[in-house]
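Per-entry structural report
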Amino acid sequence: METKSIMIVGVGGQGTLLASRLLGAALLSENYDVKVSEVHGMSQRGGSVVTYVKYGEEVFSPIVREGQADFILAFEQLEAARWLPFLKKGGTMIANSQKIDPMPVVIGNAQYPDGVLEAIRATGVDLVEADALSLAVEAGSPKAVNVVLIGVMAARMDLPYTVWEKAIRETVPEKFLEMNLKAFKLGFESAK
Amino acid sequence: MEKKLLIGNEAVARGLYEAGLRVASSYPGTPSTEITECIAKYDAIYSEWAPNEKVAMEVAIGAAIAGARSFCAMKHVGLNVAADPLFTASYTGINAGMVIAVADDPGMHSSQNEQDSRHYAKAAKIMMLEPSDSNECLQYAKLAFELSEKFDTPVLLRLTTRVAHSRSLTALSERVDNVLSEYKKDPMKYVMMPGMAIKKHVVVEQRILDQIAWSETSEINTEEYNSTEIGVITSGITYQYAKEALGKNASYFKLGCVYPLPVEKIKAFAAKCKKVYVLEELDPFIEEHCKQNGIEVIGKDAFTLQGEYSQSLIKQVILGEKDDSVQTDLEIPARPPVLCAGCPHRGLYYALKKLNVTVSGDIGCYTLGALAPLAMMDTCVCMGASVSALHGRNKADSENAKKSVAVIGDSTFMHSGVTGLINIAYNQSNSTVIILDNSITGMTGHQDNPTTGKTIKGDPTTAVSLELLAKAVGIDRVRVVDPYNLQECEDVLREEIAADAPSVVISRRPCALLKYVKHNPPMHVNSEKCVGCKMCMKIGCPAISIKNKKSVIDFTQCVGCNVCSQLCKFDAIEEGK
């Protein structure tokens, strides 16, 4: 099979790293070759963050460039727009409806644009919108936004549900397991 | 054989473990940090955080001479700090194997420059291996020990960010314990005075010739023959980019050893291809080697000295192909990294802003204080430079000495700030040094250091007292402030900057992200009292924003530090319950 590329984009602190690990674990148990690229350090501090997950028969480059992503999982609206050019023709953008003002907006040096998701939809790409924050709070914690969004994407992929559950068990600490399983389920069902 | 999805750094640690590593000493630095963090999980290995990279490398040299397989890791700029021992360890050689990992950061994801550490290998005449994925990280770490012992030299293992921080499948095996080699007193080998060093230099030059002969036949310099049209000479992550971009349309010569480089093997490869490209990030290191040896190649003329390569760049330059992409016409504001909500540095910077001083800055999370709205840093060069450069500034312009300070973190102060402070005391400049003591090495992701009272394994140990240390070097004026208390910070700083003597102000409050730090309930804005004056926005807290002309506080981010409420003249910011 051709190598598939997924990008997980968001704001440092939103839990994108855990999401990419969870995805990596799920794909691995399906016997794909998998590469996951993370950036650590400076960008953790509230900056724009991106991780790449690629899988297939044999994956070479761990990174994704413009026009190459099959899925983009965006944890925040502005980040969805920022990384949109990385989506492949016919790819799917999954966008959390949450908005987080970047510092230039907070201090009044820039404007958070209006109608971000509408503008993305107008380009003709396949856009899936999710209110992951509400679902995460329903599952028990606003921190579970990452697992809710993985659930939304899982509904669009053809991996068995049990594979996802197993990956969550492997990735998440025991005491948050039930909450995360619920978060995944809520995300998954919202997209079905 | 068990296979796991490991990041490159974790795989390096695993390879070292399997090879019987016994002693590891490092200073954290993105993107190298996780190697030593992962080593610390193996009880069979002694590991530690050293105060800086020079100390770490010297610890590894001592252990290798004593007869234990040893290791140190650092980022590219860390190798500058450790360059002194590096160049002479090349002469002494080792007793048991010694491996040095150095992680370059093309694209500067988390660095202050983009230097290429392959030049160090050549300058110090030390062999350098470069893996291209996690499995090679593990294999090359093991091979590096074998080569170190075969050629009696330390061996450099070069990583770049995308190798260090990408996960790929890695095959694991069992550890083979390495017994301590016998140490024999041998001053001709281990004492580098001119008489001995002159003899050892001859050995070093011969060693390079022997290593070139090895590299001509080594399996880690491999040829993959597909096409006579395009030939690619490459190494590390760029090999992966090239394979994705060109597939079977090109032939590849992949270098696992980037110093010293083979000559005949490259010549033979190049002769088979019509057009030969050298694909390497940063400097034209392999390209210059080829050209010096009369091999015609295309390199930096077609590519770039700056930033990272990618499959897209290679496809575009060599094949002239580009992937289609969509764009909106939205104007998208940048999202730079910021000091976290509750970060103790924020209050201190705000006090400095009110005093309107020139700030000699340093490397750490607090470098983010250079960005708006605090914008309270004037210079940042390298680890420790804040303190020494402030002294230089004040000696150059003593009239303005009462308008300048240095800021430096606890870990950076231990790394190389203390020597600058000794200079301030010894040569008496009227300098005020602020140590931002957040009780952790923050930027690299929370590593302990000599001031935290804990070892790399979390065990209790002695802690350096910054107050006593400052006094011991000759600073009489030493004050401690709580950065969550804006008035106290401002008052103390005003006094110390005005004083006619050198001074140290310790701004003490643990990083808000530390697990043991208890957070208060989130603050909230009483919208009836808020007049929308935006005073609370001046501290640049990511938890505060303006909605409908009033301040609002994001409950998911706020840790209840109470700094914003001290700015509100209308008592509109209230403590949570």
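Criteria and cut-off values
- Residues numbered from 1 in each chain as written.
- Chains lettered and ligands numbered in written order.
- Predicted model: local features only at pLDDT ≥ 70, side-chain atom pairs only at ≥ 80, totals over all residues.
- Heavy atoms only, no water.
- Helix = DSSP H or I, 4+ residues; strand = E, 2+ residues; numbered from the N terminus.
- Rg over C-alpha atoms; globule rule 2.2 N^0.38 Å.
- Buried < 20%, exposed > 50% of the residue type's maximum accessible area, 1.4 Å probe, protein only.
- Contact = heavy atoms within 4.5 Å.
- Areas by Shrake-Rupley, 256 points an atom, 1.4 Å probe, with all protein chains shown as cover.
- Lys, Arg positive; Asp, Glu negative; His and termini not counted.
- Charge placed at Lys NZ, Arg CZ, Asp CG, Glu CD.
- Domains from an automatic or database assignment.
- Buried area = accessible area lost by both parts, 1.4 Å probe.
- Polar contact = N/O pair within 3.5 Å; in protein donor to acceptor, adjacent residues only side chain to side chain.
- Phe/Tyr/Trp six-rings, centres within 6.5 Å; stacked < 30°, edge-to-face > 60°.
- Salt bridge = Lys/Arg side-chain N within 4 Å of Asp/Glu carboxyl O.
- Pairing = 2+ DSSP bridges.
- Axes fitted to C-alpha atoms, helices over the stretch in contact; angles between N-to-C directions.
- Arc of directions from axis to C-beta.
- pLDDT = per-residue confidence, 0-100.
- Core = buried A, V, L, I, M, F, W, Y, C linked by side-chain atoms within 4.5 Å.

1. Examining the overall build of chain B
Helix and strand counts for chain B stand at 19 helices and 22 strands. Relative to the globule expectation of 25 Å for 577 residues, the C-alpha radius of gyration of chain B, 27 Å, shows essentially globular dimensions. Dimensions of chain B, computed from the C-alpha atoms along their principal axes, are close to 80 × 65 × 50 Å. Within chain B, the proportion of its 577 residues that are buried is 60%. Nonlocal contacts in chain B, meaning residues at least 24 apart in sequence, comprise 75% of its contacts between residues at least 6 apart. Here chain B displays about 23100 Å² of accessible surface, and carbon together with sulfur accounts for 52% of that area.

2. Remarks on the overall build of chain A
Counting its secondary structure elements, chain A contains eight helices and six strands. Along the chain direction, N to C, the helices and strands of chain A fall in the order β-α-β-β-β-α-β-α-α-β-α-α-α-α. Expected size for 192 residues packed as a compact globule is a radius of gyration near 16 Å; at 16 Å, chain A falls within 12% of this value. Along the first, second and third principal axes, the C-alpha atoms of chain A reach 45 × 35 × 35 Å. Evaluated residue by residue, chain A yields a buried proportion of 64% over its 192 residues. Taken as a whole, chain A presents about 7200 Å² of accessible surface, with 48% of it coming from carbon and sulfur. Where the 19 positive side-chain charges of chain A centre and where its 23 negative ones centre are 2 Å apart.

3. Comments concerning the domain arrangement of chain B
Residue and element names in this part refer to chain B. You can read the domains of chain B as domain 1 (3-217), domain 2 (221-319), domain 3 (344-508) and domain 4 (524-574). Taking only C-alpha atoms, the centre of domain 1 and the centre of domain 3 are 33 Å apart. On the domain 3 side, the residues contacting the 19 residues of domain 1 number 17 residues. Summed over both partners, the interface of domain 1 with domain 3 comes to about 1300 Å²; 57% of that surface belongs to carbon and sulfur atoms. Among the residues domain 1 hides against domain 3, the three largest losses belong to Tyr27, Trp49 and Gln112. Together they make up 39% of the total. Linking domain 1 to domain 3 there are six residue pairs in polar contact (both at pLDDT 80 or more). Broken down by secondary-structure element, the contributors of at least two residues to the side of domain 1 that touches domain 3 are α2 (33-39) and β3 (46-49).

4. Comments concerning the packing of aromatic side chains
Residues and elements named next belong to chain B. Using the criterion set out here, one finds 13 aromatic pairs over all chains in the structure. Ring centres of Tyr17 and Tyr42 lie 4.0 Å apart, and the angle between their planes is 10 degrees; this geometry places the pair in the stacked category. With a gap of 25 residues between them, Tyr17 in helix α1 (residues 8-18) and Tyr42 in the loop between α2 and β3 connect regions that are remote in the sequence. Relative to Tyr252, the ring of Tyr239 has its centre 6.1 Å away and its plane inclined at 80 degrees; by these criteria the two rings are edge-to-face.

5. Points about the interface of chain A and chain B
The interface is formed by 57 residues belonging to chain A together with 56 residues belonging to chain B. Across the chain A to chain B interface the summed buried area is about 4700 Å²; carbon plus sulfur atoms make up 63%. One can count five salt bridges joining chain A with chain B. Note that Glu76 of chain A is salt-bridged to Arg335 of chain B, the shortest N-O span being 3.0 Å. At the boundary of chain A and chain B, one finds 17 residue pairs in polar contact (both at pLDDT 80 or more).

6. A short note on the sheet that holds strand β16 (residues 432-437) of chain B
Residue and element names in this part refer to chain B. The parallel open sheet is built from five strands, whose spatial order is β14-β15-β16-β18-β17. Every interior strand has two partners, whereas the edge strands, β14 (358-360) and β17 (477-481), have only one. The mean inter-strand angle of the sheet, taken between neighbouring strand axes irrespective of direction, is 25 degrees. The sheet contact formed by β14 and strand β15 (residues 404-409) spans three bridges and is parallel. Among the inter-strand pairings, Ser360 is bridged to a residue of β15, identified as Ala406. This element, helix α16 (residues 385-396), spans β14, β15 and β16 of the sheet and lies at about 170 degrees to β15.

7. Concerning the pairing of strand β4 (residues 70-75) of chain B
Remark: a regular strand shows side chains that alternate across the two faces of the sheet. Residue and element names in this part refer to chain B. Most of β4 is tucked away, with six of its six residues classed as buried. Pairing geometry for strand β2 (residues 23-26) and β4, over two bridges, is parallel. If you follow Val23 over to β4, its bridge partner there is Ser70. Where β4 and strand β5 (residues 98-104) come together, six bridges link them in parallel fashion. Residue pairing in the sheet places Cys72 in a bridge with Ile100 of β5.

8. Structural notes on helix α14 (residues 311-319) of chain B
Buried residues of α14 of chain B: Gln311, Ser312, Ile314, Lys315 and Ile318 of chain B, and no others. Relative to the axis of α14 of chain B, the buried residues are bounded by an arc of 165 degrees and lie together on one face. Each element contacted by the buried residues of α14 of chain B is listed here: β3 (48-56) of chain A together with β10 (230-235), α11 (236-246) and β13 (275-279) of chain B. Of the residues flanking the end of α14 of chain B, it is Gly320 of chain B, one or two places downstream, whose phi is positive at about 70 degrees.

9. Considerations on helix α12 (residues 264-271) of chain B
Residue and element names in this part refer to chain B. Here α12 has its buried residues at Lys265, Ile266, Phe269 and Ala270. Each buried residue of α12 lies within a common arc of 130 degrees when the element is viewed along its axis, so the set occupies one face. Summarising the contacts, the buried residues of α12 are in contact with α10 (194-217), β9 (221-224), β10, β11 (251-255), β13 and α13 (285-292).

10. Some remarks on the confidence of the model for chain B
Scored by pLDDT, chain B comes out at a mean of 97, with 100% of its residues at no less than 70. In the model output, the complex is listed with pTM 0.97 alongside ipTM 0.95.

11. A look at the nonpolar core
Met7, Met93 and Ile120 of chain A together with Leu16, Ile35, Phe71 and Leu129 of chain B are the most contacted members of the largest nonpolar core, which has 82 residues in total. Among the elements that make up this core, the one with the highest residue count is helix α7 (residues 134-151) of chain B (nine residues). Mapping this core onto the domain boundaries places at least three of its residues in each of domain 1 (3-217) and domain 2 (221-319) of chain B. Setting aside anything within four residues of it in sequence, one finds Ile35 of chain B in contact with Asn9, Val12, Ala13, Leu16, Phe71, Ala73, Ala101 and Leu159 of chain B. Of all hydrophobic cores here, the second largest spans 70 residues; its members include Leu339, Leu348, Ala470 and Cys489 of chain B.

12. A short note on the pattern of salt bridges
Residue and element names in this part refer to chain B. Under the defined criterion, the tally for this structure stands at 44 salt bridges over all chains. Asp116 is the salt-bridge partner of Arg158, the closest N and O atoms lying 3.5 Å from each other. Taken together, the residues span a long stretch of sequence, with Arg158 in strand β7 (residues 155-160) and Asp116 in the loop between β5 and α6 (118-124) at a distance of 42 residues. The burial state of Arg158 is the same as that of Asp116; both residues are buried. In this structure, Lys274 engages Glu229 in a salt bridge whose closest nitrogen and oxygen atoms are separated by 2.7 Å. Residue Lys274 is found in the loop between α12 and β13, and its partner Glu229 is found in the loop between β9 and β10; the two are separated by 45 residues along the sequence. The class of Lys274 is exposed, set by a relative accessible area of 64%.

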